[in-house]
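Given next are the chains, with one letter for each unit.
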Amino acid sequence: MNDQPNTAEHSDYDFHPAAKLDELKDGQGTSVRIEGHVIGLFKSNNEHFAISDFCPHQGASLSGGYVEDGLVMCPWHAWKFRLNDGAWADSPKSPLRCQTYPIRIVDDQILVGVPKEQPK
Ligand code: FES
């Protein structure tokens, strides 16, 4: 099992299969829906990333954007976001950012963690 770094505790997440490793090529993104979350799953420089698939500018699907060197460029107005932390790469000090999701690789599967529902 290979965990990638994330700021949140992974015990706060439920991990779900999102894609097989060979389904995602380097420099590519795809959209997956898990437990009501619409998530952009990306591969860049041989690492996998998962961030919200809604651009915080006007809601375009980021998974259809251009991916290079750990960044995705929104297909609508070319804003760039960092895949590792969801920050707006054009203005990294801005509070504007995409939600990120932790990833685990188990055998040939990419698992994405979504926050566990809190008991009501
Ligand atoms: S909708 Fe993404 S940059 Fe405008």
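Summary of the structure given here. (Residues numbered from 1 in each chain as written. Predicted model: local features only at pLDDT ≥ 70, side-chain atom pairs only at ≥ 80, totals over all residues.)

**Side note on the overall build of the protein chain**
Test applied: The way it works is that DSSP assigns letters per residue, a run of H or I at least four long becomes a helix, a run of E at least two long becomes a strand, and they are numbered from the N terminus. Taken over C-alpha atoms, the radius of gyration is set against a globule rule of 2.2 Å times the number of residues to the power 0.38. Once C-beta atoms are placed from the backbone, each residue is buried if 20 or more other C-beta atoms lie within 10 Å of its own, exposed if 12 or fewer, and partly exposed for counts between those two. Contact between two residues is assigned whenever their backbone-derived C-beta positions fall within 7 Å.
Helices and strands together make up the secondary structure of the protein chain, namely zero helices and eleven strands. Counting from the amino terminus, helix and strand elements in the protein chain follow one another as β-β-β-β-β-β-β-β-β-β-β. Against the globule reference of 14 Å for 120 residues, the protein chain gives a C-alpha radius of gyration of 14 Å, in line with a compact fold. With the principal axes as the frame, the protein chain shows a C-alpha extent of 40 × 35 × 20 Å. Counting only residues that meet the buried cut, the protein chain has 28% of its 120 residues in that class. Taking contacts inside the protein chain between residues at least 6 apart in sequence as the whole, the part at least 24 apart equals 47%.

**What about the sheet that holds strand β7 (residues 71-73)?**
Stated formally: The rule for pairing is simple: two strands pair if DSSP sees at least two bridges between them. The angle between two axes is taken between their N-to-C directions and runs from 0 to 180 degrees, where each axis is a line fitted to C-alpha atoms and a helix contributes only its stretch in contact.
The strand order β6-β7-β8 describes an open sheet built from three strands, whose pairing is antiparallel. Because the sheet does not close on itself, it has two edges, and the strands there are β6 (66-68) and β8 (80-82). Mean inter-strand twist for the sheet, computed between neighbouring axes without regard to direction, equals 20°.

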